[in-house]
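An overview of the molecular structure
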Amino acid sequence: MPAISSDTLFHFTNKDNLLGILENEFYPRFSLEQYHVDETKPPFRIGIAMICFCDIPLSMTYAHMTTYGNYGIGMSKEWAKKNRLNPVLYLHKCSQTTKLFDKALNSIHEDVNGVRKQGVEIHSLTELRDMLFKLFTYTKSFD
């Protein structure tokens with residue numbers, strides 16, 4: 001069976017953005033993301049500044065190119081580690097990971113002590129919110 005990941009992280013984009021990356025390096029762009037974290041609630045949308053990298057094999061990049069742009073840049077995973085980057089984490093709406101996100105989001109509405117009882121080491125709800133938004137910058141909806 002062929003590998004489903006590679007030793008390269010790819011970033012796909014359009015021609016204008018590619019030229020900007022080559023001139024100015026990578027920089028985040030806002031992406032309107034939709035998350036469905038609870039079957040009983042409607043999905044929510046949020047604009048997140050992100051740069052997406054995927055680790056699919058080169059032979060499987062066509063589908064990404066049709067969605068994210070006809071141009072791609074590949075960097076080694078060693079480069080990604082050096083720059084503290086990782087590929088996108090795709091979340092399915094019914095997954096355990098998504099349910100953990102939902103619990104954490106709901107925790108924002110509780111007091112700090114209530115959040116600490118759930119095993120989350122935080123000093124304030126603002127810190128929790130900031131941690132969640134940073135984590136969201138590495139996720140995209142599975143569907």
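Each value, and the rule that gives it
- Residues numbered from 1 in each chain as written.
- Predicted model: local features only at pLDDT ≥ 70, side-chain atom pairs only at ≥ 80, totals over all residues.
- Heavy atoms only, no water.
- Helix = DSSP H or I, 4+ residues; strand = E, 2+ residues; numbered from the N terminus.
- Buried < 20%, exposed > 50% of the residue type's maximum accessible area, 1.4 Å probe, protein only.
- Contact = heavy atoms within 4.5 Å.
- Areas by Shrake-Rupley, 256 points an atom, 1.4 Å probe, with all protein chains shown as cover.
- Salt bridge = Lys/Arg side-chain N within 4 Å of Asp/Glu carboxyl O.
- Core = buried A, V, L, I, M, F, W, Y, C linked by side-chain atoms within 4.5 Å.

Turning our eyes to something else, we now look at the overall build of the chain. In terms of helices and strands, the chain carries six helices and six strands. Sequence-ordered secondary structure for the chain, helices as α and strands as β, is β-α-β-β-α-β-α-β-α-α-α-β. Residue burial in the chain is summarised as follows: out of 143 residues, 31% are buried. In the chain, once contacts between residues fewer than 6 apart in sequence are set aside, the share between residues at least 24 apart is 67%. Approximately 9,800 Å² of the chain is accessible, and the part contributed by carbon and sulfur atoms is 56%.

Enumeration according to the criterion identifies two salt bridges in this entry. For Lys77, the salt bridge identified is with Asp55, shortest N-O distance 3.4 Å. Here Asp55 lies in the loop between strand E3 (44–50) and helix H2 (62–68) and Lys77 lies in helix H3 (residues 77–82), a separation of 22 residues in the sequence. A salt bridge links Glu78 to Lys81, with the nearest nitrogen and oxygen atoms 3.6 Å apart. Of this pair, Glu78 and Lys81 both sit in helix H3, three residues apart, roughly one helical turn.

Listed in full, the 10 residues of the largest apolar core are Ile46, Ile48, Met50, Leu91, Phe101, Ala104, Leu105, Leu128, Leu132 and Phe136. When residues of this core are traced back to their parent elements, those giving at least two are E3, helix H4 (96–107) and helix H6 (125–136). The contact partners of Phe101, leaving out residues within four places of it in the chain, are Leu91, Leu132, Leu135, Phe136 and Thr139. Counting seven residues, the second-largest nonpolar core is a separate cluster that includes Leu9, Ile21, Phe53 and Ile73.

A few words now on unusual backbone geometry. Keep in mind that most residues, glycine aside, have a negative phi and that most peptide bonds are trans. At Glu25, a position not held by glycine, the phi torsion is positive, near 70 degrees. Assignment of secondary structure puts Glu25 in the loop between helix H1 (15–24) and strand E2 (29–35). What makes Glu25 exposed here is its relative accessible area of 62%.

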